[in-house]
Structure formats: structure tokens, C-alpha cells
Amino acid sequence: MTMISAASEGEAGPVSRPRLGLRQWAARTNWVLGLILLAWFVLVIVPLAVLFSFSFFETKSYFTIYRPSLNTWISLFESGRFEVTLRTLRIALTVTLIELLVAYPFALWLAKGCRSKTLRAVLIALLTIPFFLDTSSRTIIWRAILGQNGLVNSLLMQAGLTDAPVEWLLYSEVSVHFGLVVSLFPPMALPIYMAIGLIDDELIKASDDLGATPWQTFSRIVLPLSLPGVMAGVVFTLGPALAAWVEPGMLGGGFVNLLSNSIESAYTALRYPVVAALSTFVILLLLALLGAMMLVARRFGDLSSSFRVLKG
Amino acid sequence: MKDRFSTHSQIELSRRALLKATGAMAGLAALGGAATLASPARAQGETTVRAYGVPTAALKDWTPMRQSLGINVEMSGSNNDVGVFMRDVVASQLGDEVDIFIFESGTEDILGPQGLYAPIDESNPNLTLWERTSDDWKRSAVVQDPEGNQWGVPVIGNADSFGYFPAKLGIDPASEEELSWSLMFEDERTRGRVAYANTYTYSMGVAALYLQSKGVATFEDLANLSAEEAKAVADFLIERKKAGQFRTLHGSFEEQIQLLTNQEVDVINCWEPAVREANLKLGPDATRYAYTKEGYFKWGHGAYVAAQAMERDNVDAIYKVLNYFLDGEYRALQARDRGYAGPNMDLGVEYATENGWTPEEIEALRATEAKVNRKFSKPFVSTTTPSNADVMEEEWQRFLNS
């Protein structure tokens, strides 16, 4: 305790004067903060407010009727469109969780376990290849593999494991999950790999030297310090999964109707209020989700402290 | 339309000033693609007509037209989405740059009365083939609005039904018997083996046509279902979906071909060229495109003149191009290169004969003419812009989410 206090005092001593200077500077230049807040208000809050207010109009024969009503919101529930939002959230969260469970051990091994630099370079190169390929081209291949006359069903039937083709391999929620997990593996794995790669090996050695078990080293050193990568991976995976359009369209057979498909359908009838209502609904759900995630994150400790690893 | 709450005022505003600057920029951006579809460098002194629309209406090579008319056509391709197309025409004010718009039927119902399309001058001396063009084409809903105003000239068209595998359904591949749309919706032989287009304007009308033919419901306009009518169709489709009738929905031409060539389904409501493409891989007549008992999704592309173009100095050239769309050269080239029919197919046969085409090519043109005449005698004419689009889209979503 004493050491920590001394260290804190020692740190606070030399930096206290510049901090004071910063405050004075900030006090003199209050307009900078005001400008940032104004820009944030104009660029973020105003469009959201416009979006929200637009959801109270409706469309008739391709024309937006600027008469406030709840019709669009009512129709959102009557047509089952709100289910689209919930379905999208459910699938996106499931895919993100699967990615995390698969990508974290892989990234840990790649960063700290893989001793061959060549193998590591090859694997990282393989992870980046999908960024250079069109999603549609990558996804459409799976239809030939997972279809009733596809490779998987042929193998299953030849091996005598099934008598008839397994139908749910394609055009089902299972195939949509599969397509998304395959597509979004690199965005989850790469940031985690980067974060774990930045952890100083000396910290891990010190933990070993002090008698910690591998699990203790992992849970008290590696996991907290890799949280920035995990957070980045979750954001890079959850965002595209929420906006997924190609995979549900190509592998879901049209009946796994997700948000992007539903919004696109509304656009064809120029139903901008429906698009606005759907987007508002998603934002509200995401805010609730974010709040829940922050509550959970607090249980793991001070998230901001884990960003110190980036200084190294 | 006078309602102060409607977007009509927005359009007026955009027309005047607000969007003019951005519109001009967007228009130029849209026309940026012109190079890909435009003919080679313009000859000196040659009149130019600028067109904007779906690329399927373009000739693969405009040289024959330039040689025949002495007119250079610069065509930029539009998106197939009617919403995108109308946004380009309205918000971007493309009429300031473009002389002719070419799109699938429906836009004329909205953009014509709004004054963005100019009415067709049927007495224009350059429109020499107008009189001989049959009313089936020139007075169809593709080029007229519901009030009968003439906003366009027919360009190409077809009557869509469904592709099927004769062998799987026990039908003689050579047979041209009329099949029922029940194969699509209710036949036990096809349960779980049907692909249905995921577009409400394309798929709801044929379901309504089937229900009407069965005598279980009546519809005022199969292409434009009211709220109650759309609900009746959606209820039927939901019931069939729950019965496991549909294997999948499809959303693109490439998907249609893949579903057929992989034999993932036995029946699919699709474009005719998809069947042709599948047969290239599977062998002649492995799949067939149905003649139906009840009718077809009849569609057509029209050419519409931009209102602003009537004040420019190339109106004669514009009307010569419109007339060319009715003539034999365009007809024959479109039928041969893309397989599409259109008005005055007999002139296409005449052109092919006079220009030394092979007997097989001429016979194919005659077959196309006979096929279209047979199909076009049945209902119904489709539209991309049903005025009840909002309720139809809503009910289609209910079907998808059920």
C-alpha cells in the first residue's frame, strides 16, 4: 500500500504542473470544447433526431405524407417487422459469441504459442485474404457445397450417414450463422491477436516466476490486457453482423429475413418512414445492449486500465 | 397531389433550385457510365441523342443504328431498382442532360403526370411506324397511365412464367401444353421443391392470378393489389409456406440460373433467359419455360421523352430513335442477341430476310413472334410502381416473417 501510495505521489508530482497548465489552457479555450460538442450535436444528434421524427410519417403511393401519426410504428409490429430487428440482434450476438469462443484461443496460440515465424506470417496473410475478395463471390460458393446436391450431402449419403439430403444445411438459420461465422472470423481474430501480441512476455514470465498457475496467468494477466482487442473484435464483428445482407440473402433462402433485407425491401416502395422506424428501433436496442455490456464489463474491473498495454 | 403534406412540394422545390446544383453533379456522375454503353467517338456533325435506362434495352452495338439513322446514341445504364431510377430522374433532374429514359413499365404513371416526361406526339412525322404498331403494344399499361395518356413508346417485352424440369414432373419435354400455376403453389409433386422470387411486384401478382383462376378470390387489378387483396394473397402464401411448398426465395438472375443448374428446385418463377442458360449446362430441353393456363407476368420496357428535351434542337432525332425502336432492325437484333420480343416482330423477320440472315435465325425470330402472340393473349400486364406498393410491401414482409 505504502509503495503504491509513494508511486502515485511520485507520479503525481512531476505531472501535476502540466495538468494544471492544461486546465488553464482549457479554461482559456473553452470554445474548443464547445466546438467539439457543437459538431457532435450537429453530426450525430441532429441526424438521429431527424431519423426519429421521420418515423412518425408514412408513405402512400411512393409519397411521404408529412402528417404525424403512429401508423408506421403500428405497421412495424403488425407486419412482424420488429421481429426482424430482434432476429437480427439474436443472430448477430450469437455469431459474435461463437467468433469470440473460436477466435480467442486461435489468436492466443498465434501470438504466444506459435513458434514458427513463417507459419505465423502465412496464417496472418491467409486471414487478410478475405478482405480482398468480394463477399458475394465468397458466399455463393457455399450454396454449391451445402445444397441438396452439394458436396456435403453427397459425402454424407455416400458414407451412409443419411438416406436423404439434409435440408437444413442450406436455406436455414444454421447456414446463415455458418456463413457469417466464416465471413467474420478475421475481423474478430486480428484485433485480439494484435492485443495479445503487444503483451510483454516479461509479464507472463514474472507471473510464472511468482508461482501462478497457467489459468491464473491467463485470467489475471493475459485476459485483462487483451480486452481492448476483444472489444475491437466484438465491435468489428457485431457491426457487420447487424448489417449483414449478403449471407442471409444467399444462404437463408429469403426466409431468414434480417434488418438489411427488410430495409432494402422498404426502399423499393420508397418507404423512408419505415426505414427510419426500423433504424430507430435498432438504435434503442443497441443502447440497451451497450448499457448491459458496460454493466458486465465493470465486473471484470477497470476497462480503461487495460489500455495501458498499448503504451508499451 | 396538391396535399401540402405530400412530397409533391418537394419535387417542385427540387425542380426550381435546391437540388439543381447537386442534381447536376449527380446527373453527371450517373452519366459518367455512358462511356461503357455509348457508341464509339461521335462523327463530326452527327446528331446525338442521350438515353438513360436499363441496359437490357441497349443494342450490343449501336453501329447499325448509326448507319441507318445517322444518329449517335449515348446511353448510360441505370440501376434496375425503380426507386433508384425515379430518384435519379426526380432529384437529380436528369432530364436536363438526357433526352430519353428507358425503363420497365410503371414510372410513367408517376413521372408522366408530374411533368417529368413529355407526352408522346403521335403525329410527329418521324414516328412513321406508329400507325402500324398494334394496340397490344402501343396502348398497353407499359406506355400509358391509367387515364390513357400516352407517355412512352414500347421497346421490348416478354411474358414471364416459370421454369420446370419436365422429366421430374413426368411431362414430355417436347410438349407445349399449358401448365397450371398450381405447380408453383399447391402441387404435391413440387412440395418443397419450389423457388419463388423475393420481389413482391414480381411474385404477388402471379399468386393473385392463380387464386382468381381457382375462383377463390377476385382482384380488381392483379398488378396493384389493395390492402384487403394483398392480405388475401399473403394469407394464402403463408399457408403454403407453412405447408413447406417453398424451398427458397431467390433475388437475382444469377441465383435463378444456379438454382436450376444445381437442380436445387424443380419449379421456379424466373426470367426466360435463366432457363436458356441452365440448358446450356444441363442439355437441350432439360428445363422448359412454361406455357400456362392462367396467364403470365407480362412486362415491357418503354422509352419516355424527358420534358426538358422538347425545348432542345434534337427533337426530330429523338423521334427517329423512338421510331427505330418500333422498326425491324432493332427488333431483329434484340431478338437475336437477347431473346426479347417487342412490337412489329414481322418487321424483324422482314429485316432478317432482306439482310441475309440464316434460315435458322429467321425461324427463331418467327418462333419468338408466335410465342409472344400466344402468351400475350392472356392476363396480366405488370407494373413496377403499383400505387398500393406500401400495403403490398407490408403484406410481403408479413409473409417473409411468418
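What you see is a predicted model; the values in this text were computed from it and never measured.

What about the overall build of chain A?
Regarding its fold elements, chain A presents 15 helices and 2 strands. Relative to its 312 residues, chain A shows a buried fraction of 38%. Taking the contacts inside chain A whose residues are at least 6 apart along the sequence as the reference set, 70% of them involve residues at least 24 apart. Roughly 17900 Å² of accessible area belongs to chain A as shown, and the carbon and sulfur atoms make up 72% of that amount.

Here we look at the environment of Tyr289(B)
Residue and element names in this part refer to chain B. Along the polypeptide, Tyr289 turns up in strand 11 (residues 288-289). Spatially, the C-alpha atom of Tyr289 lies 9.8 Å from that of Val267, the residues being 22 residues apart in sequence. The contact partners of Tyr289, leaving out residues within four places of it in the chain, are Ala159, Asp160, Ser161, Phe162, Gly163, Tyr164, Cys270, Trp271, Glu272, Val275 and Lys375. Within the structure, Tyr289 has its side chain in polar contact with the backbone nitrogen of Ser161 (distance 2.8 Å). At 2.5 Å, the side chain of Tyr289 forms a polar contact with the backbone oxygen of Cys270.

Points about the nonpolar core
Soluble, globular proteins show a tendency: their nonpolar side chains are buried together. Membership of the largest hydrophobic core comes to 120 residues, with the highest contact counts inside it found for Phe185(B), Tyr196(B), Leu237(B), Leu322(B) and Phe399(B). Ranked by residues supplied to this core, first place goes to helix 10 (residues 200-214) of chain B with 9 residues. No fewer than three residues from each of domain 1 (8-157 + 300-338) and domain 2 (162-295 + 383-401) of chain B sit in this core. In this structure, Ala103(A), Tyr104(A), Leu110(A) and Ile196(A) belong to the second largest nonpolar core, which totals 21 residues.

Section: the interface of chain A and chain B
On the chain B side, the residues contacting the 39 residues of chain A number 41 residues. Together chain A and chain B conceal approximately 3300 Å² of surface at their shared face, both sides included; 47% is due to carbon and sulfur atoms. On the chain A side of the contact with chain B, Tyr62(A), Phe63(A) and Phe255(A) bury the most area, a combined 23% of that side's loss. Arg81(A) is the salt-bridge partner of Glu394(B), the closest N and O atoms lying 3.8 Å from each other. At the boundary of chain A with chain B, the tally comes to 23 residue pairs in polar contact (both at pLDDT 80 or more). Of all the secondary structure elements, the ones that give two or more residues to the side of chain A that touches chain B are strand 1 (58-60), strand 2 (63-65), helix 3 (71-78), helix 4 (81-113), helix 6 (135-146) and helix 13 (259-268) of chain A. Along the lines of polarity and charge, the residues of the side of chain A that touches chain B split into 14 nonpolar, 16 polar and 9 charged.

Notes on unusual backbone geometry
Following Pro379(B), the chain continues to Phe380(B) via a peptide bond in cis, the omega torsion being 10°. With respect to the helices, strands and loops of the structure, Phe380(B) is situated in the loop between helix 17 (359-376) and helix 18 (389-401). Although it is not a glycine, Tyr171(A) sits at a positive phi angle of roughly 60°. Its identity is not glycine, yet Gln263(B) carries a phi of approximately 55°, on the positive side.

Section: the confidence of the model for chain A
Detailed reading of the predicted model is not advised wherever pLDDT is low. All names here are of chain A. Residues at a pLDDT of 70 or more form 86% of chain A, whose mean pLDDT is 84. Per-residue pLDDT, averaged within each element of chain A, yields its smallest value for helix 1 (residues 2-28) (49) and its largest for helix 9 (residues 185-197) (95). Scored below 50 in pLDDT, residues 1-17 makes 0 contacts in the model with residues more than four places away or belonging to other chains.

A word on the packing of aromatic side chains
Under the counting rule described, the total for this entry stands at 39 aromatic pairs over all chains. Taking 6.1 Å as the distance between ring centres and 65° as the angle between the ring planes, the aromatic pair formed by Tyr324(B) and Tyr330(B) counts as edge-to-face. As far as burial versus exposure is concerned, Tyr324(B) and Tyr330(B) are alike and both buried. A connected cluster of aromatic rings, assembled from ring pairs, spans Phe255(A), Phe162(B), Tyr164(B), Trp181(B), Phe185(B), Tyr196(B), Tyr210(B), Phe236(B), Phe246(B), Trp396(B) and Phe399(B).

Observations concerning the environment of Asp109(B)
Topologically, Asp109(B) is positioned in helix 6 (residues 107-111). In this structure, the C-alpha to C-alpha distance between Asp109(B) and Asp145(B), residues 36 residues apart in sequence, is 4.7 Å.

With respect to the pairing of strand 1 (residues 47-53) of chain B
Within a regular strand, the side chains alternate between the two sheet faces. Residues and elements named next belong to chain B. Buried residues dominate strand 1, accounting for 5 of its 7 residues. Strand direction decides the pairing type here: strand 1 and strand 2 (residues 71-77), joined by 7 bridges, are parallel. Directly across from Thr48, in strand 2, lies its bridge partner Asn72. In this region the chain leaves strand 1, passes through helix 4 (residues 63-69) and returns to the parallel neighbour strand 2; the handedness of that crossover is right-handed. The pairing of strand 1 with strand 3 (residues 100-104) spans 3 bridges and is parallel. Within the sheet, the bridge partner assigned to Tyr52 lies in strand 3 and is Phe101.

A closer look at the pattern of salt bridges
For the coordinates displayed, the defined rule picks out 30 salt bridges over all chains. A salt bridge links Glu393(B) to Arg271(A); its shortest N-O distance comes to 2.7 Å. In this pair, Glu393(B) sits in helix 18 while Arg271(A) sits in the loop between helix 13 and helix 14 (272-299), so the two residues belong to two different chains. Classification of Glu393(B) as buried rests on a relative accessible area of 0%.

Focus on the confidence of the model for chain B
Summary statistics for chain B give a mean pLDDT of 86 and a share of 89% for residues scoring 70 or more. Note that pLDDT drops below 50 for residues 1-43 of chain B; the model gives that stretch 62 contacts with residues more than four away or on any other chain.

Looking at the packing of helix 4 of chain A against helix 13 of chain A
Residues and elements named next belong to chain A. Viewed as axis vectors pointing N to C, helix 4 and helix 13 meet at an angle of 150°, and their least axial separation amounts to 9 Å. The angle between the axes of helix 4 and helix 13 places the two elements in the roughly antiparallel class. Seen from helix 4, the contacting residues are Arg81, Val84, Thr85 and Thr88; seen from helix 13, they are Leu259, Ser262, Ser265 and Ala266. Its residues assigned to classes, the contact of helix 4 with helix 13 shows 3 nonpolar, 4 polar and 1 charged.

Conventions we followed
Residues numbered from 1 in each chain as written. Chains lettered and ligands numbered in written order. Predicted model: local features only at pLDDT ≥ 70, side-chain atom pairs only at ≥ 80, totals over all residues. Heavy atoms only, no water. Helix = DSSP H or I, 4+ residues; strand = E, 2+ residues; numbered from the N terminus. Buried < 20%, exposed > 50% of the residue type's maximum accessible area, 1.4 Å probe, protein only. Contact = heavy atoms within 4.5 Å. Areas by Shrake-Rupley, 256 points an atom, 1.4 Å probe, with all protein chains shown as cover. Polar contact = N/O pair within 3.5 Å; in protein donor to acceptor, adjacent residues only side chain to side chain. Core = buried A, V, L, I, M, F, W, Y, C linked by side-chain atoms within 4.5 Å. Domains from an automatic or database assignment. Buried area = accessible area lost by both parts, 1.4 Å probe. Salt bridge = Lys/Arg side-chain N within 4 Å of Asp/Glu carboxyl O. Nonpolar A, V, L, I, M, F, W, Y, C, P; charged D, E, K, R; others polar. pLDDT = per-residue confidence, 0-100. Phe/Tyr/Trp six-rings, centres within 6.5 Å; stacked < 30°, edge-to-face > 60°. Pairing = 2+ DSSP bridges. Right-handed = clockwise from strand over helix to strand, strands pointing away. Axes fitted to C-alpha atoms, helices over the stretch in contact; angles between N-to-C directions. Parallel < 35°, antiparallel > 145°, perpendicular 65-115°, else oblique.

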